[in-house]
Amino acid sequence: MNDYRKYLDPQTLAKVQNLDLAARQIVEGYVSGSHKSPFHGFSAEFAQHREYATGDDLRYVDWKVYAKSDRYYLKQYEAETNFTCYLLLDCSESMRYRSENAALSKWDYGRLVAAALAYVVIKQQDAAGLCTINNQIVDFLRPASQPTHLKQIHYTLEHTEPAGESGLGNVFHELAERISRRSLIIIISDLFDDLDSIMLGLKHFRHRKHDVSLLQVIDPAEQDFPFQEPVLFRGLENQPEQMAEPRSLKKAYQAEFEKFLKNVQRGSRDLKMDYALIRTDESLDIALSAFLSHRQTRIGS
């Protein structure tokens, strides 16, 4: 195991009470070494050509133009330099869930991911904002690039408790209208809500030309369904309690859950969004590498 992974293991992170310290350990342990600038040139939307100048990055040379004109031109993209990133973190009651063997709840894991990504964005002198959501906008911190802004983000994350029902689709519509500047939108959620409504909200973001990334956070028990003895299942969002025999339900439950995950993945692909499934029992390098590596491959940065 690489040395940096000791800072990324959920068991270790669960012991770190200071969110600022945890974010620094995550970023300096993994992101700084492996992804020098994971969001550089985040826009993959072509804008124009400009003539090559000494010192320019050859990766952006348009070789098709060179073949026709025998001259070097670079592809330029919209928002090549500074950009704005909004971190949308689900704080509905279902994010509170932590199974017996999990070190972190979905909420605690999700806010560590949000804190780490905010640290990356602001460290590279771009602007990061935070929005916590359930069936409404709970907190909305406008993006800023000053290092002191991280303290505001961390304060909000540390003093927010998951509560309330999910209503992500309607909130996405509201935010799509509220966020006027074309931005990078990173959504961190378990997506336990009406999927059709969610996809319509995400489609609204894409219609407004935002670059959307979806990080779906789940607890291992939600996918593996390890329960053996009769158990009382209690919904976290005002749902009725129900006694059930897990062994008789497991096969049908897992088939339905996998269908749900595949539908999320298919919807993300159809809307041309980055997507990563994150389990709270996985080291954060799994979550970060799956997300950041895919972005770098897609944008060629």
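Please read these numbers as outputs of a predicted model, since none were measured by experiment.

Regarding the overall build of the chain
Moving on, step 1. A tally of regular secondary structure across the chain gives 10 helices and 10 strands.
Moving on, step 2. Going through the 301 residues of the chain one by one, you find that 49% of them count as buried.
Moving on, step 3. Working note: accessible area of the chain is about 15,300 Å², and carbon and sulfur atoms make up 47% of it.

Brief notes about the environment of Tyr253
Moving on, step 1. Looking at where Tyr253 falls in the secondary structure, it is placed in helix α9 (residues 246-270).
Moving on, step 2. Given the relative accessible area of 28%, Tyr253 is considered partly exposed.
Moving on, step 3. Ignoring anything within four residues of it in the chain, the contact list for Tyr253 reads Glu222 and Phe225.

Describing the nonpolar core
Moving on, step 1. The biggest cluster of nonpolar side chains holds 42 residues, and the ones touching the most others in it are Leu112, Leu117, Ile153, Leu157, Ile186, Ile188 and Leu215.
Moving on, step 2. Sorting elements by how many residues they give to this core places helix α4 (residues 106-123) first, with 12 residues.
Moving on, step 3. The residues contacting Leu112, other than those within four sequence positions of it, are Leu13, Leu19, Ala22, Ile26, Leu104 and Leu284.
Moving on, step 4. Residues Leu88, Phe140, Val264 and Met273 belong to the second largest nonpolar core, which totals 30 residues.

Topic: helix α5 (residues 149-158)
An α-helical turn contains 3.6 residues, so a residue and the one three or four places further along point in the same direction.
Moving on, step 1. Along α5, the residues that are buried comprise His149, Leu150, Ile153, His154, Thr156 and Leu157. The buried residues of α5 occupy an angular sector of 160 degrees when the element is viewed end-on, so they sit on one face. The exposed residues of α5 that point more than 90 degrees off its buried face are Lys151 and Tyr155.

A few points about the sheet that holds strand β10 (residues 274-279)
Moving on, step 1. Taking strand neighbours across the sheet as the criterion, the 6 strands line up as β5-β4-β3-β6-β7-β10 in an open arrangement whose pairing is mixed. In this open sheet, the two edge strands, each paired with only one partner strand, are β5 (137-144) and β10. Taking the axes of each pair of neighbouring strands and ignoring which way they run, one obtains an average angle of 15 degrees across the sheet.
Moving on, step 2. Taken strand by strand, α4 contacts β3 (84-90), β4 (127-133), β5, β6 (184-189), β7 (211-218) and β10, and its axis lies near 175 degrees from that of β3.
Moving on, step 3. Contacting β3, β4, β5 and β6, helix α6 (residues 168-178) crosses the sheet at an angle of about 30 degrees to β5.

Regarding unusual backbone geometry
Moving on, step 1. In this structure, Phe225 is a non-glycine residue whose phi angle is positive, near 50 degrees.
Moving on, step 2. Considering the arrangement of structural elements, one finds Phe225 in the loop between α8 (220-224) and β8 (231-233).
Moving on, step 3. For Lys272, which is not glycine, the phi torsion reads 55 degrees and is therefore positive.
Moving on, step 4. Topologically, Lys272 is positioned in the loop between α9 and β10.

Thresholds applied
- Residues numbered from 1 in each chain as written.
- Predicted model: local features only at pLDDT ≥ 70, side-chain atom pairs only at ≥ 80, totals over all residues.
- Heavy atoms only, no water.
- Helix = DSSP H or I, 4+ residues; strand = E, 2+ residues; numbered from the N terminus.
- Buried < 20%, exposed > 50% of the residue type's maximum accessible area, 1.4 Å probe, protein only.
- Areas by Shrake-Rupley, 256 points an atom, 1.4 Å probe, with all protein chains shown as cover.
- Contact = heavy atoms within 4.5 Å.
- Core = buried A, V, L, I, M, F, W, Y, C linked by side-chain atoms within 4.5 Å.
- Arc of directions from axis to C-beta.
- Pairing = 2+ DSSP bridges.
- Axes fitted to C-alpha atoms, helices over the stretch in contact; angles between N-to-C directions.

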